[in-house]
Amino acid sequence: MSALSRQATGAFVGLLAGGAAGFFLTESVAVFFHLVLDHTLDVEGTGVLLAVFIGVPVLCAAVGAVIGANRAGRQGG
């Protein structure tokens, strides 16, 4: 397996794992607000909150892709 192919695979796996982690993070915050604080977050009424709930998984996915590519690039062959 070439170094570029290894990095691409690492980036893709990191993208998926980071996106899943970001989605889990946003949903955990929403569940916390709903169950513990008894306040349901309304993303349709607030543009900033909608941007956060969209941006966090995208940002986590991008960070995961970079980390995955870097880690795969370090493992030489």
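Quick caveat, the model's predicted, so the values are computed rather than measured.

Draft legend 1. Local environment of the overall build of the protein. The secondary structure content of the protein amounts to two helices and zero strands. Computed over the C-alpha atoms, the radius of gyration of the protein is 17 Å, more than 25% above the 11 Å expected from 2.2 N^0.38 for a compact globule of 77 residues. Dimensions along the principal axes, computed over C-alpha positions, put the protein at roughly 55 × 25 × 15 Å. By the burial criterion, 18% of the 77 residues in the protein qualify as buried. Taking contacts inside the protein between residues at least 6 apart in sequence as the whole, the part at least 24 apart equals 73%. Of the roughly 5,400 Å² that the protein leaves accessible, carbon and sulfur atoms contribute 72%.

Draft legend 2. Broad picture of the environment of Leu37. Note that Leu37 resides in the loop between α1 (3-35) and α2 (47-74). When the C-alpha positions of Leu37 and Asn70 are compared, they lie 40 Å apart, and in sequence the two are 33 residues distant.

Draft legend 3. Quick look at the side chain of Thr26. For Thr26, the position within the fold is in helix α1. Classification of Thr26 by relative accessible area gives buried; the value is 6%. Of note is the side chain of Thr26, whose polar atom sits 2.9 Å from the backbone oxygen of Phe23. Setting aside residues up to four positions removed in sequence, Thr26 forms contacts with Phe53, Val56 and Pro57.

Draft legend 4. Geometry of the environment of Ala65. Among the structural elements, Ala65 can be located in helix α2. Taking C-alpha positions, Ala65 is 29 Å from Thr46, a pair spaced 19 residues apart along the chain. With residues near it in sequence (within four places) discarded, Ala65 still touches Ala11, Gly14 and Leu15.

Thresholds applied
- Residues numbered from 1 in each chain as written.
- Predicted model: local features only at pLDDT ≥ 70, side-chain atom pairs only at ≥ 80, totals over all residues.
- Heavy atoms only, no water.
- Helix = DSSP H or I, 4+ residues; strand = E, 2+ residues; numbered from the N terminus.
- Rg over C-alpha atoms; globule rule 2.2 N^0.38 Å.
- Buried < 20%, exposed > 50% of the residue type's maximum accessible area, 1.4 Å probe, protein only.
- Contact = heavy atoms within 4.5 Å.
- Areas by Shrake-Rupley, 256 points an atom, 1.4 Å probe, with all protein chains shown as cover.
- Polar contact = N/O pair within 3.5 Å; in protein donor to acceptor, adjacent residues only side chain to side chain.

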